[in-house]
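# Secondary and tertiary structure notes
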Amino acid sequence: MPVSTVTSDKLESLNPYEIVQIQIDQAGKKLGVSEDILNILKKPKRVLSVSFPVKMDDGSIRVFEGFRSQHTDAMGPTKGGIRFHPDVTMDEVKALSMWMSFKCAVTDVPYGGGKGGVICDPRKLSKGEIERVSRGFIEAIADIVGPEKDIPAPDVYTNAQTMGWMMDTYSRMKGKFSPGVITGKPLSLGGSKGRNEATARGCAFAIEQAMEKLNKPLQGATVAVQGFGNAGRIVADLLAEKGCKIVAVSDTSGAIYQKDGLNLDEVKKLKDDKNSKITDLSDAQVLENPEEILELDVDILVPAALENVITRKNADRIQAKVVAEAANGPTTPKADEVLFKKGVHLIPDILANAGGVIVSYFEWVQNLMHYYWTEEEVNSKLKEKIVRSYNEVYDLAQKENTDLRTAAYMVAIKRITEAIEARGWI
Ligand code: NAD
């Protein structure tokens, strides 16, 4: 589909694979790269579809299906998470692998993008069944993964334990300890210090840069965070440490607001207690419509839950000066246009949440060296990468008079294009 014929309204109804192809076209054309490069980038290099049998707890055998997509290995081995979810599709996995390429390239991490998924609902599986699905899937894709080929990591409904099982099965198959095959592992198996907080920490560093550019102090800046999970609650903590006032947070139970700043320790206690929810907080207002959290009059908004939450329907009502996309894909293309016109400083997901893949890269480097860094070393290297990438994207956006998302794609595509050309693929 030629870009010129796609209106932003139409973009909102496309699937992620179609959207990413159009994003590549748009940034690539602005950059002036050739049609040959665009054609290479618009399709993953390899997609493997697998099915594998798993013995269930009741003795029956269930056949699970999964996919692994490797977008481009021009800049290095491919890298990206494995998700366990009932809605996994091949198109979604392909699109996610492509976004990973741009996330790695914009932060100058020497990887291409990869992604994997297994169609299953881990909430309906026992721990033993999840372990057997994890081991079965890595065995099924073992031929195409490896420390120098393709390095998976956790994603939706997978975690350090899942990675530990997968690393163990891969190591047994190869007959040697192979921690570099996968990242996001437990610390006892070669995981990196600082990995758990990395996405949020990277996001907080990017916000700090944005506020500096806008000449606005972080001290006293008001913040709303949608989603109080791994990414959201740590961003809230880190921004509070820097002097921000966290005035609103939300999760699936609802949204809470306190204009003088929420007591985060109390919110965390309620979140961690199975018998309570964050909306039980006594000294806060519960928003009637939880989605209103996006429209509060705050300095900084962090969507850290779901995709497609800022759309053409609410974009005009967003009041935050800075929006930092801790979540993947929270803003639709049409909303992007509206926010840019309103002068909202939107830090795109491929930059705002790249801290996770950056520290995954650090984990892999440490595994290959068999030498491990302190948390301070990891955090300072992470800061250096985020600050450099943010400034590169910001400077290009200023020069091209475009939004930070387009500029981020331009930086990424330029870097991948240089690698493709240097390899002589075209
Ligand atoms: P998580 O499951 O730990 O947390 C998600 C949170 O969002 C939960 O608190 C949940 O209650 C809340 N939530 C769900 N639906 C909501 C709704 N409608 N309104 C408000 N809150 C809602 O997940 P996470 O790891 O924190 O990931 C969140 C987002 O960040 C995802 O888009 C993910 O892809 C992205 N991300 C995470 C990482 C990471 O390292 N954790 C890395 C890159 C991107």
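All values reported here derive from a predicted model rather than from experimental measurement.

## A look at the overall build of the protein
Summing up its helical and strand segments, the protein has 14 helices and 12 strands in all. Here the protein has a C-alpha radius of gyration of 21 Å; the compact-globule value for 426 residues is 22 Å, and the two agree. With the principal axes as the frame, the protein shows a C-alpha extent of 55 × 55 × 40 Å. For the protein, with 426 residues in total, the buried portion stands at 59%. For the protein, the proportion of contacts with a sequence separation of at least 24, taken over those separated by at least 6, is 68%. In the structure as shown, the protein presents an accessible area of about 18200 Å², 47% of it carried by carbon and sulfur atoms. In the protein, 55 positive and 59 negative side-chain charges are present, and the distance between their average locations comes to 3 Å.

## Structural notes on the UniProt feature "binding site: NAD(+)" (unreviewed entry) in the protein
Per the UniProt record, the feature "binding site: NAD(+)" (unreviewed entry) sits at Thr199 and Asn230. For this annotated set, covering 32 residues, all C-alpha atoms fall within 8.8 Å of each other, a compact arrangement in space. Along the chain, threonine 199 falls in helix H7 (residues 198-213). Not counting residues within four places of it along the chain, the set of residues in contact with threonine 199 comprises Ala352, Asn353, Gly355 and Gly356. Within the fold, asparagine 230 resides in helix H8 (residues 230-241). Classification of asparagine 230 by relative accessible area gives partly exposed; the value is 48%.

## Focus on the environment of valine 156
In this structure, valine 156 sits in the loop between strand E5 (150-154) and helix H6 (160-174). Put simply, valine 156 and glycine 117 are 39 residues apart on the chain and 9.2 Å apart in space, counted from C-alpha to C-alpha. Once residues within four sequence positions are removed from consideration, valine 156 is found in contact with Ile82, Arg83, Phe84 and His85.

## Here's the deal with the site of the ligand
Looking at the ligand, there are 18 residues lining it, with Thr199, Asn230, Ala231, Lys271 and Asn328 nearest. Contact between the ligand and threonine 252: an oxygen atom at 3.3 Å from a main-chain N or O atom of the residue. Alanine 326 places a main-chain nitrogen or oxygen 3.3 Å from an oxygen atom of the ligand. When isolated, the ligand has an accessible area of 830 Å², and the protein chains bury 71% of it. The set of elements that each furnish at least two residues to the shell around the ligand consists of H8 and strand E7 (245-251). Looking at side-chain class alone, the shell around the ligand contains seven nonpolar, nine polar and two charged residues.

## Details of the pairing of strand E10 (residues 300-303)
The alternating pattern of E10 places Ile300 and Val302 and Leu301 and Pro303 on opposite faces, both of which are buried. Summarising the sheet, strand E6 (residues 222-226) and E10 pair through four bridges and their orientation is parallel. Residue pairing across strands places alanine 224 opposite leucine 301, the latter belonging to E10. Both E10 and strand E11 (residues 322-324) contribute to a ladder of two bridges, which runs parallel. Bridge pairing links leucine 301 to valine 323 in E11.

## Some remarks on the sheet that holds strand E4 (residues 112-119)
If you walk across this open sheet you meet the five strands as E1-E2-E4-E3-E5, and the pairing is mixed. Edge positions in the sheet fall to strand E1 (46-55) and E5, since each has one partner strand and no second. Here the average twist between neighbouring strands, direction ignored, is 25°. Along the sheet face, helix H4 (residues 90-106) touches E1, strand E2 (61-70), strand E3 (78-85) and E4 and points at about 150° away from the line of E4.

## Here we look at the packing of aromatic side chains
A complete count under the given rule lists nine aromatic pairs for this structure. Ring geometry for phenylalanine 52 versus phenylalanine 137: centroids 6.1 Å apart, planes at 40°, classification tilted. Of this pair, phenylalanine 52 sits in strand E1 while phenylalanine 137 sits in helix H5 (residues 127-141), placing them 85 residues apart in sequence. Phenylalanine 137 carries the same exposure label as phenylalanine 52, and that label is buried. Judged by centre distance (5.8 Å) and plane angle (40°), the rings of tyrosine 361 and phenylalanine 362 are tilted. Neither tyrosine 361 nor phenylalanine 362 differs from the other in exposure class; each is buried. By way of ring pairs, the aromatic residues Tyr111, Tyr361, Phe362, Trp364 and Trp373 are connected into one cluster. One cation-aromatic arrangement involves lysine 381 over tryptophan 373; the distance from NZ or CZ to the ring centre is 4.7 Å.

## Digging into a positive patch on the surface
Judged by side-chain charge, Arg46, Lys149, Lys174 and Lys176 come together as a positively charged surface patch. Considering the arrangement of structural elements, one finds lysine 174 in helix H6.

## Overview of the pairing of E3
With respect to burial, E3 is a largely interior element, seven of its eight residues being buried. In terms of strand pairing, E3 meets E4 through six bridges, oriented parallel. Of the residues in E4, the one forming a bridge with threonine 78 is glycine 112. In the classification by handedness, the crossover that spans E3, the intervening H4 and the parallel E4 is right-handed. Alignment of E3 against E5, held across five bridges, turns out to be parallel. Looking across to E5, one finds that glycine 81 is bridged to alanine 153.

## Some points on the UniProt feature "binding site: substrate" (unreviewed entry) in the protein
The sites that UniProt annotates as "binding site: substrate" (unreviewed entry) are Lys79, Lys103 and Ser360. Across 282 residues, the annotated set stays spatially compact, with a maximum C-alpha separation of 12.5 Å. By the element assignment, lysine 79 lies in strand E3. With a relative accessible area of 1%, lysine 79 lands in the buried category. Topologically, serine 360 is positioned in helix H12 (residues 355-369). Excluding anything up to four places from it in sequence, serine 360 contacts Lys79, Tyr111, Ala153, Thr183 and Arg195. Reaching out from serine 360, the side chain makes a polar contact with the side chain of arginine 195 at a distance of 3.1 Å.

The rules behind these values
- Residues numbered from 1 in each chain as written.
- Predicted model: local features only at pLDDT ≥ 70, side-chain atom pairs only at ≥ 80, totals over all residues.
- Heavy atoms only, no water.
- Helix = DSSP H or I, 4+ residues; strand = E, 2+ residues; numbered from the N terminus.
- Rg over C-alpha atoms; globule rule 2.2 N^0.38 Å.
- Buried < 20%, exposed > 50% of the residue type's maximum accessible area, 1.4 Å probe, protein only.
- Contact = heavy atoms within 4.5 Å.
- Areas by Shrake-Rupley, 256 points an atom, 1.4 Å probe, with all protein chains shown as cover.
- Lys, Arg positive; Asp, Glu negative; His and termini not counted.
- Charge placed at Lys NZ, Arg CZ, Asp CG, Glu CD.
- UniProt positions renumbered as here; feature names shortened; annotations may be inferred.
- Near = heavy atom within 4 Å.
- Polar contact = N/O pair within 3.5 Å; in protein donor to acceptor, adjacent residues only side chain to side chain.
- Nonpolar A, V, L, I, M, F, W, Y, C, P; charged D, E, K, R; others polar.
- Pairing = 2+ DSSP bridges.
- Axes fitted to C-alpha atoms, helices over the stretch in contact; angles between N-to-C directions.
- Phe/Tyr/Trp six-rings, centres within 6.5 Å; stacked < 30°, edge-to-face > 60°.
- Lys NZ or Arg CZ within 6 Å of the ring centre and 35° of its normal.
- Patch = residues over 30% accessible without salt bridge, like charges linked within 9 Å, V, L, I, M, F, W, Y side chains within 5 Å.
- Salt bridge = Lys/Arg side-chain N within 4 Å of Asp/Glu carboxyl O.
- Right-handed = clockwise from strand over helix to strand, strands pointing away.

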